[in-house]
Amino acid sequence: MAVIVMKFGGTSVADLDRIRNVARHVKREVDAGNQVAVVVSAMAGTTNQLVEWVNQASPDYDPREYDAVVASGEQITSGLLAIVLQSMGVKARSWQGWQMPIETNDNHGAARVSSIDGTLMRERIAGGQAAIVTGFQGIEPTRKRIATLGRGGSDTSAVAIAVALKADICDIYTDVDGVYTTDPRIVAKAQRLSKISYEEMLEMASLGSKVLSTRSVELAMVYGIRLRVLSSFADHETTPPTNIDNLEDIGTIVCDEDDIVEQQVVSGIAYAKDEAKVTLRNIADKPGVAASIFGPLADANVNVDMIVQNLSGDGRLTDMTFTVMASELERALSVLDGAKAEIGAFEISSSADVVKVSVIGVGMRSHAGVASKMFQALAEKSINILAITTSEIKISVLIDADYAELAIRTLHSLFGLDAE
Ligand code: ADP
Ligand code: ASP
Ligand code: MG
């Protein structure tokens, strides 16, 4: 019999009716004789509310107390689901992160799982009891404080638990029926992918497709966990998770590149609205100027993503444009203000009204010309590119936020991703 991890996100557990619906999915797998661990998120909107309360209590909050508050949403849903399952005659028990335990580092608010002891849970699920685990949280062992894994972190919990339990499959149940070529809420013609490679999914996630958390994909890739995304709102049959070709009729399988027969050049398009652009103008163009800007930012733990440097007309002055997380913009600006002496004279402007749009595909490794085709198509729509970054399997452009949907739709058609 298979060991299965089933994860249900916020919209799937948004109220008691939805929790009852989740319980039916769980019962189906338990009745089929599988050993089941279920990972749940907080009810939709709950974590946002908790974060808001923390910020209202004090914007300068203690991260350990932030975690004590925001981890609580998952405790409610795990208990409620256990109660509903018990009422349906299914043996079930709720588990919080510390009870397993799921150990993390001390980076409160965005902690990383360091180890999970799956021994006790394996025993319990082998005895036929469904384990209902709080997603998003673990315990930092030195101070024994609850730690959360960053927003969207329940996906990460699910995969980490799948690793600890040596699960045969990790099923991520959500409000869409799989991973699409782009966010189906933006492009109606987006198509469900029956399979996507770990590498492409990793890029999609890290470039903004929030259907899976980046870290969950990374863990699944490193540990070879079979990951499937499917809808919690549809009925499913129980599927023996042995042969991946049996699984692709519903949902999306995240798998090795070699398991995908028909590979497109571009597999998907992602967008991220959470970056902000900073431009420094008329800085002296001399050796060390980049270091004088990015050194202090790095020292202050401000992550810089895209960077563009332009020479001015006479070659003695330069402009530098780069992006940081919008949430870190204020901090970045104050760091740059503090580094004026090292950088020298400059004019500065910034904007959070930008969007990063990325095209992703392992096929780009062997196909030239994707970038030029992309830039040409954007130019034809009069969309100005503010910055560009590329890697082997992706090209990202930064554009004005007003053009985001137009750009995504244009590129989706351009690369042949539109549904018929
Ligand atoms: P959950 O609460 O179940 O974790 P999320 O809201 O985190 O769900 O993720 C699901 C959402 O991700 C979808 O509703 C969809 O709008 C969005 N999304 C973004 N990009 C994609 C994509 N490429 N494929 C599918 N969904 C996507
Ligand atoms: N409840 C958490 C959040 O909203 C974790 C998750 O849903 O994955 O970020
Ligand atoms: Mg999510």
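Residues numbered from 1 in each chain as written. Chains lettered and ligands numbered in written order. Predicted model: local features only at pLDDT ≥ 70, side-chain atom pairs only at ≥ 80, totals over all residues. Heavy atoms only, no water.

Trainee: I would appreciate a short explanation of the overall build of the chain in the present structure.
Mentor: Scanning the chain for helices and strands turns up 13 helices and 20 strands. With respect to the three principal axes, the spread of C-alpha positions in the chain is 80 × 50 × 35 Å. Taking all 420 residues of the chain together, the buried fraction comes to 50%. Each charge sign in the chain was given a centre, from 38 positive and 55 negative side chains, and these centres are 4 Å apart. (Helix = DSSP H or I, 4+ residues; strand = E, 2+ residues; numbered from the N terminus. Buried < 20%, exposed > 50% of the residue type's maximum accessible area, 1.4 Å probe, protein only. Lys, Arg positive; Asp, Glu negative; His and termini not counted. Charge placed at Lys NZ, Arg CZ, Asp CG, Glu CD.)

Trainee: Explain unusual backbone geometry to me, please; I cannot follow it from the model alone.
Mentor: Where the residue is not glycine, phi is negative for most of them; where a peptide bond is considered, it is trans in most cases. In this chain, Met100 is followed by Pro101 through a cis amide linkage whose omega measures -10°. Its place among the elements puts Pro101 in the loop between strand 3 (92-95) and strand 4 (102-104). In this structure, Asn282 takes a positive phi of about 55° despite not being glycine. The class for Asn282 is partly exposed, based on a relative accessible area of 30%. Non-glycine residue Ser382 carries a positive phi angle of around 60°. As for its placement among the helices and strands, Ser382 is situated in the loop between helix 12 (370-380) and strand 19 (387-391). What makes Ser382 exposed here is its relative accessible area of 58%.

Trainee: Teacher, can you tell me more about the sheet that holds strand 20 (residues 394-400) here?
Mentor: Backbone hydrogen bonds hold the strands of a sheet together, and the pairing may be parallel or antiparallel. Sheet architecture is open: 4 strands sit in the order 13-18-20-19, paired in antiparallel fashion. Of all strands in the sheet, those bounded by a partner on one side alone are strand 13 (268-272) and strand 19. The mean angle between the axes of side-by-side strands here comes to 20°, regardless of whether they run parallel or antiparallel. Looking at chain direction, strand 19 and strand 20 are connected through 5 bridges and run antiparallel. Paired with Ile388 across the strands is Val397, a residue of strand 20. Against the sheet, helix 12 contacts strand 18 (354-360), strand 19 and strand 20, and its axis sits at roughly 20° relative to strand 20. (Pairing = 2+ DSSP bridges. Axes fitted to C-alpha atoms, helices over the stretch in contact; angles between N-to-C directions. Contact = heavy atoms within 4.5 Å.)

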